[in-house]
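Listed below, chain by chain, are the residues.
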Amino acid sequence: EATHMMGAQITYEHIDSLKYKFTVKVYRDCRGIPLAAPTTTLRCASGTSTPVTVKLTRISIRDITPVCSSKNPCSPANTRASKGIEEHLYTVIVNFNDSALKPLLKCSNSCEIYFEISQCCRNGAINTGPSGNFYTFAMINPCKAPKNSSPQWTNTPKPYLCCNQSVYYNPTAMDTI
């Protein structure tokens, strides 16, 4: 019954010297189990260091179900409900100056670091890939681009599409920070 993970977005914003605010948006199928914070780790893309776990803080839960009535299909929030989609917003501040994170800056001379999230279980209604755990990541390189921020997504994902209808979807990534 753990078929709740539908997708996710990860962005990051430079705050100060080697300090970044990561924002994670996780999309949950309201017919599945409640969502706990995903497991979040930082590790060298090359696999040359021990992964470091970081704790996300949930900021909000928002129903993004496109509906024509005033009824909220995901009510109450983060519980088993009728067909609908929730967006769970999490953040964490990552400071690569911290002693636990400094070894990541020596990732086989590349300094490419994965910020990863994972959780059981991927939504069974999605038939474009294997079932199992949900996993996604963003890559950051604080050595080559220490003041860089990631592009930001400005459009909400479209969770429902009409059968036999052409679809054009643009998530609108903006790189303005």
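Every value quoted in this text rests on a predicted model; they were computed, and no experiment measured them.

Novice: Where do I start with unusual backbone geometry in this structure?
Specialist: Most of the time, phi is negative for any residue but glycine, and the peptide bond is trans. At the junction of Ser75 and Pro76, the peptide bond is cis and its omega measures out at -5° in the coordinates. With respect to the helices and strands, Pro76 occurs in the loop between strand S5 (57-63) and strand S6 (85-95). Of note in the backbone geometry, Leu18 takes a positive phi value of approximately 55° without being a glycine. Locating Leu18 in the fold gives a position in the loop between strand S1 (5-16) and strand S2 (19-29). The exposure class assigned to Leu18 is buried, which follows from its relative accessible area of 17%.

Novice: How do you make sense of the sheet that holds S1 when you look at a structure like this?
Specialist: By way of backbone hydrogen bonds, the strands of a sheet pair with one another, either parallel or antiparallel. The strand order across the open sheet built from four strands is S1-S2-S6-S5, with neighbouring strands paired in antiparallel fashion. Edge positions in the open sheet fall to S1 and S5, since each of these has one partner strand only. Going across the sheet, the axis of each strand differs from the next one's by a mean of 20°, ignoring polarity. Looking at chain direction, S2 and S6 are connected through 11 bridges and run antiparallel. In the strand pairing of S6, Asp29 is matched with Ile85.

Novice: Please clarify how the packing of aromatic side chains should be interpreted in this entry.
Specialist: Aromatic ring pairs: the centre-centre distance and the angle between the two ring planes describe each pair. Under the counting rule described, the total for this entry stands at six aromatic pairs. Between the aromatic rings of Phe22 and Phe115, the centroid separation amounts to 4.1 Å while the plane-to-plane angle is 5°, which identifies the pairing as stacked. Of this pair, Phe22 sits in strand S2 while Phe115 sits in strand S7 (residues 113-119); the two residues are 93 residues apart in sequence, bridging distant segments of the chain. Here the two residues Phe22 and Phe115 agree in accessibility, since each one is buried. Residues Tyr135 and Phe137 carry aromatic rings whose centres are separated by 6.0 Å and whose planes lie at 40° to one another, so their mutual orientation is tilted. Put simply, the rings of Tyr12, Tyr20, Phe22, Phe96 and Phe115 touch in pairs and so form one group of aromatic residues.

Novice: For this particular structure, what's the right way to read the environment of Ser75?
Specialist: Relative to the helices and strands, Ser75 is located in the loop between S5 and S6. For Ser75, a relative accessible area of 46% translates into the label partly exposed. Each C-alpha atom of the pair Ser75 and Asp63 lies 8.5 Å from the other, and the pair is 12 residues apart in sequence.

Novice: How do you make sense of the sheet that holds strand S4 (residues 52-53) when you look at a structure like this?
Specialist: Read across the open sheet, the four strands follow the order S4-S3-S7-S8; overall the sheet is antiparallel. Strands at the two margins of the open sheet, each flanked by one partner only, are S4 and strand S8 (134-140). Bridge analysis of strand S3 (residues 39-44) against S4 gives two bridges, and the strand direction is antiparallel. In the strand pairing of S4, Thr41 is matched with Thr53.

Conventions adopted
- Residues numbered from 1 in each chain as written.
- Predicted model: local features only at pLDDT ≥ 70, side-chain atom pairs only at ≥ 80, totals over all residues.
- Heavy atoms only, no water.
- Helix = DSSP H or I, 4+ residues; strand = E, 2+ residues; numbered from the N terminus.
- Buried < 20%, exposed > 50% of the residue type's maximum accessible area, 1.4 Å probe, protein only.
- Pairing = 2+ DSSP bridges.
- Axes fitted to C-alpha atoms, helices over the stretch in contact; angles between N-to-C directions.
- Phe/Tyr/Trp six-rings, centres within 6.5 Å; stacked < 30°, edge-to-face > 60°.

Keep in mind these numbers describe shape, not what the thing actually does.
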